[in-house]
Amino acid sequence: MPVREGSLFGLGTILKVVKISKASRLLEANFSRFQKMQTKTFSMMTNGQSVIYTIDPENVRAMLVTQFDSWELSALRKTAYTRLLGHGIFTTDGDAWKHSRAMLKPSFTRGEIGNVEMLERHSESLIKAIRLQQDQNSVDLGDLFFRMTTDFATEYLFGEPTESLERGVEDGFCEAFSGGLKYIGKLSRVGRLGLFFGRTKFQAERRYLYNFIDRYVRRTLEDAKDGAKFPSRHTFLHELSRQTNDVVRIRTELLNILIAGRDTTASLLTNTWHVLSHRPDIVARLRKEIASDLPPQKRPTFEELKNLTYLSAVFKESLRLHPVIPLNTREATVPTTLPKGGGPDGTQPVFVAKGQPVIYSSYAMQRDKNVFGDDAEEFHPERWLDTDEGKGIRPGFSYMPFNAGPRICLGQQLALMEASYVTVRLLQEFESIEARDNRPWTEEIGVTCVNKYGAKVALA
Ligand code: HEM
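Predicted model, so just to flag it, every value in this text is computed and none were measured.

**Student:** Explain the overall build of the protein to me, please; I cannot follow it from the model alone.
**Tutor:** In terms of helices and strands, the protein carries 20 helices and 13 strands. The globule rule puts the C-alpha radius of gyration for 460 residues at 23 Å, and the 22 Å found for the protein is close to it. Referenced to the eigenvectors of the C-alpha coordinate spread, the extents of the protein come out at roughly 60 × 60 × 40 Å. Burial status across the protein gives 55% buried among its 460 residues. Of the roughly 20,700 Å² that the protein leaves accessible, carbon and sulfur atoms contribute 53%. Between the averaged position of the 62 positive side-chain charges in the protein and that of its 56 negative side-chain charges there is a distance of 6 Å.

**Student:** Looking at this model, I keep getting lost on helix α17 (residues 309-321). Mind explaining?
**Tutor:** Along an α-helix, residues three or four apart share an orientation, since each turn contains 3.6 residues. In this model, α17 (13 residues) spans 18 Å end to end at C-alpha, consistent with the 18 Å of a helix rising 1.5 Å per residue. Among the 13 residues of α17, ten are classified as buried, and the element is accordingly described as predominantly covered. For α17, the set of buried residues is Tyr310, Leu311, Ala313, Val314, Phe315, Glu317, Ser318, Leu319, Arg320 and Leu321. For α17, the elements touching its buried residues are α14 (263-278), α15 (280-293), α18 (362-365), α19 (369-372) and α20 (412-429).

**Student:** Explain the site of the ligand to me, please; I cannot follow it from the model alone.
**Tutor:** Around the ligand sit 26 residues, and of these Arg77, Trp97, Arg101, Arg330 and Cys409 come closest. Within the contact set of the ligand, an oxygen atom lies 2.8 Å away from a side-chain nitrogen or oxygen of Asn328. Put simply, the parts of the chain that give the shell around the ligand at least two residues each are α5 (94-104), α13 (247-261), α14, β6 (327-332) and α20. Its residues assigned to classes, the shell around the ligand comprises 16 nonpolar, six polar and four charged.

**Student:** Explain unusual backbone geometry to me, please; I cannot follow it from the model alone.
**Tutor:** For residues that are not glycine, phi is negative in most cases, and the peptide bond is trans in most cases. Backbone geometry places Glu163, a non-glycine residue, at a positive phi of 60°. Relative to the helices and strands, Glu163 resides in the loop between α8 (141-158) and α9 (164-167). Overall, Glu163 belongs to the partly exposed group, its relative accessible area being 35%. A positive phi angle is found at Asn403, which is not glycine, with a value near 65°. For Asn403, a relative accessible area of 16% puts it in the buried group.

**Student:** I keep staring at the pattern of salt bridges and nothing clicks. Help me out?
**Tutor:** Close approach of charged atoms allows side chains of opposite charge to pair. Summed over the entire model, instances satisfying the criterion amount to 28 salt bridges. Close ionic contact of Lys78 with Asp93 constitutes a salt bridge, the shortest N to O distance being 2.6 Å. Of this pair, Lys78 sits in helix α4 (residues 75-85) while Asp93 sits in the loop between α4 and α5, placing them 15 residues apart in sequence. The exposure classification of Lys78 matches that of Asp93, with both residues buried. A salt bridge links Glu317 to Arg383, with the nearest nitrogen and oxygen atoms 3.0 Å apart. Here the residue Glu317 occupies a position in helix α17, and Arg383 occupies one in the loop between α19 and α20, the gap between them amounting to 66 residues. On the basis of relative accessibility, which here comes to 10%, the residue Arg383 falls in the buried class. A single network of salt bridges, built from pairs that share partners, joins Glu120, Arg131, Arg299, Arg425 and Glu429.

**Student:** Teacher, can you tell me more about the coordination of the iron atom of the ligand here?
**Tutor:** For a metal bound by four donors in tetrahedral geometry, the ideal donor-metal-donor angle is 109.5 degrees, whereas six donors in octahedral geometry ideally sit at 90 or 180 degrees. Among protein residues, the single donor to the iron atom of the ligand is Cys409 (SG), with a metal-donor distance of 2.3 Å. Among the secondary structure elements, Cys409 is positioned in the loop between α19 and α20.

**Student:** I'm lost on the pairing of strand β7 (residues 336-342) in this one. Help?
**Tutor:** Looking along a regular strand, one sees side chains alternate from face to face of the sheet. Relative to strand β8 (residues 348-352), β7 is paired through four bridges, and the arrangement is antiparallel. Looking at β8, one finds that Thr337 is bridged to Phe351. Linking β7 back to β8 in an antiparallel pair, the connection comprises five residues, with Gly343 at a positive phi of about 75°.

**Student:** Mind showing me how you'd approach the nonpolar core here?
**Tutor:** If you look at soluble globular proteins, the nonpolar side chains tend to sit buried side by side. Core analysis: the largest hydrophobic core is formed by 99 residues, its most contacted members being Leu254 and Trp273. A per-element tally of this core places α8 first, with ten residues. Among the nonpolar cores identified, the runner-up in size contains 29 residues, and Phe42, Val358, Met400 and Cys449 belong to it.

**Student:** Any chance you could explain the side chain of His322 here in plain terms?
**Tutor:** Relative to the assigned elements, His322 resides in the loop between α17 and β6. Not counting residues within four places of it along the chain, the set of residues in contact with His322 comprises Asn271, Val275, Arg367 and Trp441.

**Student:** Which parts of the structure should I look at to understand the packing of helix α10 (residues 172-190) against α13?
**Tutor:** When two helices pack together, their arrangement is given by the angle between the helix axes and the distance between those axes. Where α10 meets α13, the axes come as close as 12 Å, and the angle between the chain directions of the two elements is 85°. It follows that α10 is roughly perpendicular to α13 by the angle criterion. Along the contact surface, α10 presents Phe173, Phe177, Leu181 and Ile184, while α13 presents Leu255, Leu258 and Ile259. When the residues that make up the contact of α10 with α13 are grouped by side-chain class, the tally is seven nonpolar, no polar and no charged.

**Student:** In this structure, what is going on with the environment of Arg206? I would like to understand it.
**Tutor:** Here Arg206 is to be found in helix α11 (residues 199-225). With relative accessibility at 23%, the residue Arg206 sits in the partly exposed group. Discounting residues that sit within four places of it in the chain, Arg206 has contacts with Arg83 and Leu84. Only 2.7 Å separates the side chain of Arg206 from the backbone oxygen of Arg83, close enough to count as a polar contact.

Rules used in this analysis
- Residues numbered from 1 in each chain as written.
- Predicted model: local features only at pLDDT ≥ 70, side-chain atom pairs only at ≥ 80, totals over all residues.
- Heavy atoms only, no water.
- Helix = DSSP H or I, 4+ residues; strand = E, 2+ residues; numbered from the N terminus.
- Rg over C-alpha atoms; globule rule 2.2 N^0.38 Å.
- Buried < 20%, exposed > 50% of the residue type's maximum accessible area, 1.4 Å probe, protein only.
- Areas by Shrake-Rupley, 256 points an atom, 1.4 Å probe, with all protein chains shown as cover.
- Lys, Arg positive; Asp, Glu negative; His and termini not counted.
- Charge placed at Lys NZ, Arg CZ, Asp CG, Glu CD.
- Expected span 1.5 Å × (residues − 1).
- Contact = heavy atoms within 4.5 Å.
- Near = heavy atom within 4 Å.
- Polar contact = N/O pair within 3.5 Å; in protein donor to acceptor, adjacent residues only side chain to side chain.
- Nonpolar A, V, L, I, M, F, W, Y, C, P; charged D, E, K, R; others polar.
- Salt bridge = Lys/Arg side-chain N within 4 Å of Asp/Glu carboxyl O.
- Donors = N, O, S within 2.8 Å, 3.2 Å for Na, K, Ca; no water.
- Pairing = 2+ DSSP bridges.
- Core = buried A, V, L, I, M, F, W, Y, C linked by side-chain atoms within 4.5 Å.
- Axes fitted to C-alpha atoms, helices over the stretch in contact; angles between N-to-C directions.
- Parallel < 35°, antiparallel > 145°, perpendicular 65-115°, else oblique.

Have a look at this one:
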């Protein structure tokens, strides 16, 4: 396996990561390193450790699926995320993870995901917020999407929304949550070095969030004790309160699922609407599909949304070019091998020591011209569609925005449903979209990856 020279103990690599991240070029720099070295797997000293970098689908498949038991989450991520999230689904492995996943699953049943009335209410609040800002000639949909997904996720999980769309920057919850995530996102990339910046602010944000969530938890536990009937709609909080009366345990799981549910969908919507505002051809085709499949102004149902194949291709393409989780890491739990990257031509297995981190980049994998063709860098939803001329692309493990294997995203359907519903409703409501920012998509990596400049548009 090629070894890339790093500086002494790899400290230089970390300082470079900080510099490149600040310049919003981490993903591109990592991608071009693979291209320059003409390899899909190499190792480099990073932060005092030999780290393997790979974009080989066979290696990723081994870590996530076929050799799942020999791998766990990276220590860097667990240490960083635990500071805010405690020990929940995003920060644990083995039996603790299995337990969290089993507790979460009932909240993702088909019945819960298909709750379009709730989506309609939040879409209406979004449309109202857009109209309130309309006379400013430009709306940042990015900011509003983050507020809307906060409202949706809090109602979905606790049974009550935080009303962040209505309150704007006055909503302490949304602001504290964003600040806290930024901090742990930074720690997970640069390690303890990040502890020196912004710690006091982080501690205040964390205190605010814990107090806020604990109020909901205590109230629900009190209700349960008094034998009050839970609402007919199943929420994650109610499910948890059936299984334990430990406030910290419940708060931990709630925070973990909130991080999963809010930023991911908001980032997908922001990235997609940034593209839509510059691509009238895609918007026209979307409008045509919506008009032919849904009667005018009809609110879409779950089944109708699932049948909008072009809309689904637009989201697939958005997640391909601008993956919301563009980089991920696993560590070997035992001395093991990865199937590819060794030998003179990289086709042989490579040895991985116990505890050695392996970083994979879905951003780079999903731009591979050998898989996606010469136009891999272009936004072209049509590549996913089956036509009379042939089938759309099926890239297998070269494309996995929601991961794969036993830890595959639990919220994939819910996220796509939410993003589809909101997009259809905005297109039904507004006849014209104009971009108000001509800068190209630029990475901003926190816990998720989103266009740094949001989605500034004029809607009429
Ligand atoms: C566009 C939206 C989304 C994307 C791209 C996405 C992507 C991912 C990815 C890549 C992972 C794997 C992380 C890892 O193992 O390192 C993951 C895990 C997870 N996601 Fe999502 N996600 C999205 C939305 C959601 C939503 C809306 C929810 C729930 C409300 C959710 C719940 C989860 C959970 C619980 C896990 C942990 C699974 C486990 O470790 O067993 N996700 N997601």
